[in-house]
Structures are given as structure tokens and as C-alpha cells.
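Per-entry structural report
Listed below, chain by chain, are the residues.
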Amino acid sequence: MFKQVLLDSCYCSPIGHSEAEVRQSLKSGRSGIVSLADLFPEESEPFLHTGAVIQPAADFPDASDLHPRISPRYARVLGGFCRALEQLALRAGQVDQLYLIHRQHFFSEWADPRVEFDEWEFVGRFLARSGLEVAPSEVICLHAACSSGLVALNLALRELRRQPKKRILVVGLESELNHERFVSIKKLGALSAEKDPTRSCMPFSRQRSGLVPGEVMVAVLLGSRPEEELEPGDIVLTAGVSNSDASRLTDCLESGEFLARCLTQPLSQAPHGVDFVCPHGTSTPLNDGVEGAVLDRVFGGAPTPMRVVPLKQYLGHTLNSSGLWEAVLNADFLRHNYLPPLLATDALEPFEQLTFLESCQELPLSRALKVSVGFGGINASVLIEKVT
């Protein structure tokens, strides 16, 4: 029997560009959310307060030739990510299929109507710059709102069950922070009103006011191994559930019944339970209320409260790429046996069966459940396990 495993990953993020940098940030409680006064010095809008911004490393190459609408800062971030992805491709040796979490308006939020540009030309140039030779028929561009990352993982894992010799790459490209993104989120009533970066994202707190946008570029290489060839430390991924309650265009169904199925189905495949749950945890009033109530209900019969580890207080909300990015971090928690603290622990909602960490914990970890909730009521989950 084959098991599906996480073979490799790379990323550029607000809290670091390597595993060691990111791990140190999370262990020390350093968030990537900052004031945006320097990023938008000319803006007079009162709601451009905070965001999680990627700062390119000094040696990141410029990739402004890939797209005419990209800012100089993000051109270097893209160049650094292309270089990291090229190195991953060399280590992989083969990539048979690519899932690209790529909104068709990836960079068009900077759209200048005078500049003509074909987004699909960008995709082709991006793949070429990254050294990825994948047949066009095997490039799948996917958009499932904020659940895109886990939906893509689930599709890739199911494909690997059918064809275990394949190697599949899942890539999440999130556009940079810009005025248009803030305006659209504010119109939905989902943007944090808090100006203090340390309190603008407060998952599951009664004082939460909305989400904080974030940036990321992340890639995950998946493959299969015979169960008898698995080694200690290998990360096994088991497809969870992807469903939609189709209740409203943006809001999730308040009863949470479809989200509950995303939890109970993968938990049924984990007879020894999970050590923690990484929720969607956007810090919006509706999402955290519904998600917290569902988690509390699902783990109601557990002998001890379930550890809940929200990550958007460190990363911001990276929208389409959030599930993929947070799943990568969950794998690192399992490998290195630690869980980062919740940064704002005051005024938490009174959940009976959930516990939030006030400090970094180092403890033996084996299994995690990652959950995402997206616009349109799109829910998704994936079970992540470390071989011991």
C-alpha cells in the first residue's frame, strides 16, 4: 500500500524565507503583521492600517520582466521565489503535474488599463523562470476562494492514490498588498478596524474586529511511498473533505453542519486522535464564532480540551494560499515538536472543549488536522501525520 507524503517545500513569507527563520519567528512569537504607513505613504484612506508584508532578502534577483504591473519590492520577492522553486525542481528530478493556486487577477489589482498583458503569458513565463517543465495539459489553475490551498491538496492526494508514481507540485501565489484589496475586503465588512499591529488580528477573541491581509508565495511537492519504506519523520498527508454549503456568496452557513463534516470524516481515519487543530481562524466575527462553536461541538466528548493553533495572527490572511501555507507550517510543528502561542489571549471566547496556548510549547506531536473555510461556504480539511 502506498502513502502520500510531503516530499519538499519552499516559500517566501513575512516571517522568513527558510524553515529555520520561520521556526524561530513562530517560537519567539514574532508576527509578520506590521503597520502599513511605510508601504502606503501617500494614502489618506483611514482603513489601510496593518498587513503581513514580505521583505525580500538582499540577494533576491529582480523579476520585474515577468510582469509589467508588479511593484519593485514584489518583483524581487517573485524573483526569490522563482529561484527557490527552481532549486526545489532540481531536487525533485521530476514534476508530472502542477496545481497552481492562481487567481486570474493575480497581479491585475495593479491594473493599468494602458498596459496590455495576458495573465496566461505570465503563468508560462513564471514556470519557465522556475525551471518547471510541465506539460500544459498537466497544469491545473484552481480557485476555490480561501479554501483553495486545501482543495488543491485534496485533489492532488486523490490523484496520487490513483497514480502513485507521479510527483505533483502545488503552488500558491498570493498578490501583494495594495489599495484595491483593502477596499474590496472593507466593502465586505471583513477588514480589521484595529490600528495596533499587535491587536489587529485576534482570532477567537471577543475583541476581534476583522481580518488582516497578508502576502505569501509557497510551493509543496507531493509524492507516494510504499508504507513499508516510510521513515521516521516522514510527513504523511491524508485527504480530508472538500464541500460547500452554498448558503451565501461570502458567509459560511451559521449552523456549521458542512464544516463539521470536514472535521469528523478525517478524524474517523485517525483512531488515536490528533494533537492539535489548525483552524481557519480569520479573526472575523462570523467565521470565528461559527468555527469555534463547531470545533467545540466536535470535540465535546474528548477527555481533555483540544489544542487549537490559529496562525493568521502571525501570517495575516493569505486568502487563496492560506490553507497550503498553514499546512506546510503544521508539518514543521510535527517534525520539530513545538506549537506557537496565541499572541492575544485576553477576552477569548468561552469554549468548553478548546484550549489556546499562552506560550510556545515543546511536546511530542504526531498528528494534526488543518481546516479552511472559504467564500461561498467552501470548506476543506486535510489530516497531517508524522511517521514515528
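For the structure given in this document, a descriptive report is provided here.

The rules behind the values
- Residues numbered from 1 in each chain as written.
- Predicted model: local features only at pLDDT ≥ 70, side-chain atom pairs only at ≥ 80, totals over all residues.
- Heavy atoms only, no water.
- Core = buried A, V, L, I, M, F, W, Y, C linked by side-chain atoms within 4.5 Å.
- Buried < 20%, exposed > 50% of the residue type's maximum accessible area, 1.4 Å probe, protein only.
- Helix = DSSP H or I, 4+ residues; strand = E, 2+ residues; numbered from the N terminus.
- Contact = heavy atoms within 4.5 Å.
- Phe/Tyr/Trp six-rings, centres within 6.5 Å; stacked < 30°, edge-to-face > 60°.
- Polar contact = N/O pair within 3.5 Å; in protein donor to acceptor, adjacent residues only side chain to side chain.
- Pairing = 2+ DSSP bridges.
- Axes fitted to C-alpha atoms, helices over the stretch in contact; angles between N-to-C directions.
- Left-handed = near helix turned anticlockwise from the far one by under 90°.
- Nonpolar A, V, L, I, M, F, W, Y, C, P; charged D, E, K, R; others polar.

1. A short note on the nonpolar core
Buried together is how nonpolar side chains tend to be arranged in soluble globular proteins. One finds V170, L222, W325 and F333 to be the most contacted residues of the largest nonpolar core, which totals 48 residues. In terms of residues, this core owes the most to one element, helix α9 (residues 322–336), which gives eight residues. Excluding anything up to four places from it in sequence, W325 contacts Y11, S13, V22, V216, V218, L315 and T318. L66, L78, A84 and L100 belong to the second largest nonpolar core, which has 33 residues in total.

2. With respect to the packing of aromatic side chains
The geometry of an aromatic ring pair comes down to the distance between the two centres and the angle between the two planes. Counted under the stated rule, the structure contains seven aromatic pairs. A centroid spacing of 6.0 Å and a plane angle of 55° characterise the contact between F276 and F333, whose relative ring orientation is tilted. Of the two residues, F276 is situated in strand β9 (residues 276–278) and F333 in helix α9; the sequence distance between them amounts to 57 residues. Accessibility classification places F276 together with F333 in one group, the buried group. Where F333 meets Y338, the ring centres are 5.1 Å apart and the plane angle is 75°; that geometry is what we call edge-to-face. Overall, the relative accessible area of 0% leaves Y338 in the buried class.

3. A look at the environment of T50
Looking at the element boundaries, T50 is found in strand β3 (residues 50–52). Residue classification places T50 among the buried positions, given a relative accessible area of 4%. C-alpha separation for the pair T50 and G316, spaced 266 residues apart in sequence, amounts to 9.2 Å. Apart from residues no more than four positions distant in its own chain, T50 is found in contact with I33, V34, L36, F182, E194, K195, D196, P197, S200, V212 and P213. Among the polar contacts listed, one links the side chain of T50 to the side chain of S200, at a separation of 3.1 Å.

4. Details of the pairing of strand β14 (residues 367–374)
Judged by how many residues are buried, β14 sits mostly within the fold: eight of eight residues are covered. Here β14 shows no split at all, with R367, L369, V371 and V373 on one side and A368, K370, S372 and G374 on the other all buried. Looking at chain direction, β9 and β14 are connected through three bridges and run parallel. When the sheet's bridge partners are listed, C278 is paired in β14 with K370. Sheet analysis places β14 next to strand β15 (residues 378–386), joined by eight bridges and oriented antiparallel. Residue pairing for β15: K370 is matched across the bridge by V382.

5. Some thoughts on the packing of helix α6 (residues 257–267) against helix α7 (residues 285–298)
Contact pair α6 / α7: the axes reach a minimum separation of 9 Å and the direction vectors enclose 35°. Helix-helix and strand crossings are classified by hand; for α6 and α7 the assignment is right-handed. Listed contacts from α7 to L259, A260, L263, T264 and L267 of α6 are E291, V294, L295 and V298. Considered class by class, the residues forming the contact of α6 with α7 number seven nonpolar, one polar and one charged.

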